[in-house]
Every structure is written in structure tokens, then in C-alpha cells.
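Descriptive analysis of the structure
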Amino acid sequence: MTQDELKQQVAQAALEYIKGVSIIGVGTGSTVYHFIEGLKAFKNDIEGAVSSSETSTTHLQRIGIPVLDLNSVGTLEVYVDGADEINPHKQLIKGGGAALTREKIIAGASKKFICIADESKSVDVLGKFPLPVEVIPMARSFVARELVKLGGQPIWRENCITDNGCQILDVHNLSILNPSELERTINNIPGVVTVGIFSLRPADVVLVSKGQDIISF
């Protein structure tokens, strides 16, 4: 199977988790694109969705699903999103699509976080994928210097402005042996909006497509 077919397969599997749920949280990315496409069959049963990005918002509206403000919804039953890396403890790196802050907010507001991915995203130790850090623009250089002190090599993702009007630093050369500790440390740097480690609020269920199978843990 191609990688895109693997993404379609795992997105289809995630649809089982939203049956009977009237308002769902929806993430961002190529795998989630297929999940949103799959929601067409359920749109008459879905009251609305809370979206983590303008791209997903447009896609949801295009297929006829209303997009709701999280402030008006409160706690969500289910949130479905992808990841750039997943370790065996259901801890993630996210932010390759620059939507990490809104993704982390919706994950935090959800009772169940379903992470969907193809097998290429599974790793033993997080950090091979450059770690995204969303920063307030005026703090970019300062935050970069602080990240160097932590052993990383931050590179400014030029021409990338997040939906929050902020910028992204991608931190290379990290081996993240203690994700929760590093998440706290980077989040405490002044000027950081959030870091793309999802460890303090990891996924509840991970679905990974591997060949013809869906592995769940």
C-alpha cells in the first residue's frame, strides 16, 4: 500500500470512535484530510466540529459540517488528529503543519484524544522529526538562543505565519528521552506560545496503519 492509502485506511478506522458523538474535535494534516472526507457519511448526525486550523475549517464547511467555537462548546467527547512522531507511551511530536497551539488546546479540552497515523510515524524515542516551537515574533531570536542551551539546533521556518499570527522554530538534533520534562522546560521560556511535544496530555488511543492492519494501543 502507498503511504496515502495507509492514511486513508487509518482515517477510516477512526470513524468508529465518533459514532454517536454530536460535536467532535478535528485536527489538521494529510491523514486528518482523509478523516474529514470520511465524515461526509455522518454529517447528518454531527451537530458540528471544533477545528484546529483554518485549513480544516474550510474543509469541514465545504462538506457541510458547521464549525463551532470551543468557547461555546466546552468539553469535547472526542478529538481526532494526526502526529509527526509517536512513541510507545502515546507521547507525540506535532506541529509540522504549524497548528500545534490550537491542536494542544483542543486536545486538552477533550475527554478522549484519538491519534491516527501511518507506520512511518512510530518511533522508539521522539526527536528525529524537528521539534516545532511556536513563538511570539519579537521573541524568536531570544527563544532560539535558549533552545541552543538545551542542546537543540533551532531553525526559523521562514515564510510561515501560524493561524495565531506567530512564527515557528523547528528544533533539530534532539533526542527527547524525557518528553514531559522538556515540554515543561520549553513552555516556560518567555515568548514561547507552545512546544509541539504532546506528553503532559498524550493521546488516549493511537491507531497506526501497518500494511493491511490497524494497530491500536
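Residues numbered from 1 in each chain as written. Predicted model: local features only at pLDDT ≥ 70, side-chain atom pairs only at ≥ 80, totals over all residues. Heavy atoms only, no water.

Considerations on the pairing of strand β6 (residues 110-118)
Note the cut-off: Any residue under 20% of the maximum accessible area for its type is buried, any over 50% is exposed, and the rest in between are partly exposed; the area is computed with a 1.4 Å probe on protein chains only. The helix count covers DSSP runs of H or I at least four residues long, the strand count covers runs of E at least two residues long, and both are numbered beginning at the N terminus. In this description, strands pair whenever DSSP reports at least two bridges between them.
Burial within β6 is extensive, with seven of its nine residues counted as buried. As defined by bridge partners, strand β3 (residues 76-81) adjoins β6 across five bridges and the pair is classed as parallel. Note that in β6 the partner of Leu76 across the bridge is Ser110.

Notes on the pattern of salt bridges
Put simply, the rule reads: Whenever Lys or Arg places a side-chain nitrogen within 4 Å of a carboxyl oxygen from Asp or Glu, that contact is recorded as a salt bridge.
Following the criterion strictly, the structure yields 11 salt bridges and no others. Here Glu54 and Arg102 are joined by a salt bridge, their closest N and O atoms 3.1 Å apart. Pair noted here: Glu54 is in helix α3 (residues 54-62) and Arg102 is in helix α5 (residues 100-108), with a separation of 48 residues, a long-range link. Under the relative-accessibility criterion, Glu54 is labelled partly exposed at 43%. Relative accessible area serves as the criterion here: at 24%, Arg102 is assigned to the partly exposed category. Each of Asp81, Lys94 and Glu103 takes part in one network of salt bridges that share partners.

Brief notes about helix α6 (residues 140-149)
The following threshold applies: Each direction from the helix axis to a C-beta atom contributes to the arc, which is the arc of those directions. A contact between two residues is defined here by any heavy atoms of the two lying within 4.5 Å.
Looking at α6, one finds that the buried residues are Val143, Ala144 and Leu147. For α6, the arc enclosing every buried residue in end-on projection is 105°, short of the 170-degree limit, so these residues lie on one face. The outward face of α6, more than 90 degrees from its buried face, is lined by the exposed residues Arg145 and Lys149. Buried residues along α6 sit in contact with β7 (131-135), β8 (153-156), β9 (167-172), α7 (179-187) and β10 (192-195). Immediately beyond the C-terminal end of α6, within one or two residues, lies Gly151, with a positive phi of roughly 100°.

Some points on the packing of helix α2 (residues 30-38) against α3
What counts is decided by this rule: Every axis corresponds to a line fitted to the C-alpha atoms, with the helix fit spanning only the stretch in contact, and the corresponding angles, defined between N-to-C directions, vary from 0 to 180 degrees. Should an angle lie under 35 degrees it is considered roughly parallel, over 145 roughly antiparallel, and from 65 to 115 roughly perpendicular; all remaining angles are considered oblique. Two helices cross in a left-handed way if the nearer one is turned anticlockwise from the farther one by less than a right angle. They cross in a right-handed way if the turn is clockwise.
It is at 10 Å that the axes of α2 and α3 come closest, and there the two elements cross at 20°. The angle between α2 and α3 places the two elements in the roughly parallel class. Considering only the axes of α2 and α3, their crossing is right-handed. Contact residues: α2 offers Tyr33, Ile36 and Glu37, while α3 offers Ser56, His59, Leu60 and Arg62.

Thoughts on the nonpolar core
Stated precisely, the cut-off is as follows: Only buried residues count toward a nonpolar core. Its members are Ala, Val, Leu, Ile, Met, Phe, Trp, Tyr and Cys residues joined through side-chain atoms within 4.5 Å.
Judged by nonpolar contacts, the single largest core of 24 residues is most densely connected at Ile18, Ile24, Val26, Phe35, Leu39, Val80 and Ile116. Taken together, the elements giving at least two residues each to this core come down to α1 (3-14), β1 (23-26), α2, β3, β6 and β12 (205-210). Residues within four places of Phe35 in sequence aside, it is in contact with Ala11, Ala14, Leu15, Ile18, Ile24, Val26, Val80 and Ile116. Ranked by size, the runner-up nonpolar core spans 19 residues in total, among them Ile93, Ala144, Leu174 and Val192.

Some details on the packing of aromatic side chains
Short version of the rule: Each aromatic pair joins two rings of Phe, Tyr and Trp (for Trp, the six-membered one) with centres within 6.5 Å, and gets the label stacked for planes under 30 degrees apart, edge-to-face for over 60, and tilted for any other angle. Any Lys NZ or Arg CZ that is within 6 Å of a ring centre and within 35 degrees of that ring's normal is treated as a charge sitting over the ring.
If you walk through the whole model with that rule in mind, you get one aromatic pair. Above the plane of the ring of Phe198 lies Lys104, whose end atom (NZ or CZ) is 5.1 Å from the centre. The ring centre of Trp156 lies 3.7 Å from the NZ or CZ of Arg140, which sits over that ring.

Remarks on the sheet that holds β3
Taken in spatial order, the six strands of this open sheet run β2-β1-β3-β6-β12-β13, and their pairing is mixed. Only two strands of the sheet have a single neighbouring strand rather than two, namely β2 (48-51) and β13 (213-216). When strand polarity is set aside, the average angle formed by the axes of neighbouring strands in this sheet is 25°.

Details of α3
Each full turn of the α-helix corresponds to 3.6 residues, which orients residues three or four apart in the same direction. Residues Ser56, Thr57, His59 and Leu60 constitute the buried set of α3. Down the axis of α3, the buried set is contained in an arc of 165°. They therefore lie on one face. Structural note: α3 exposes Thr55 and Arg62 on the side pointing more than 90 degrees away from its buried face. Two residues or fewer after α3 comes Gly64, characterised by a positive phi angle close to 95°.

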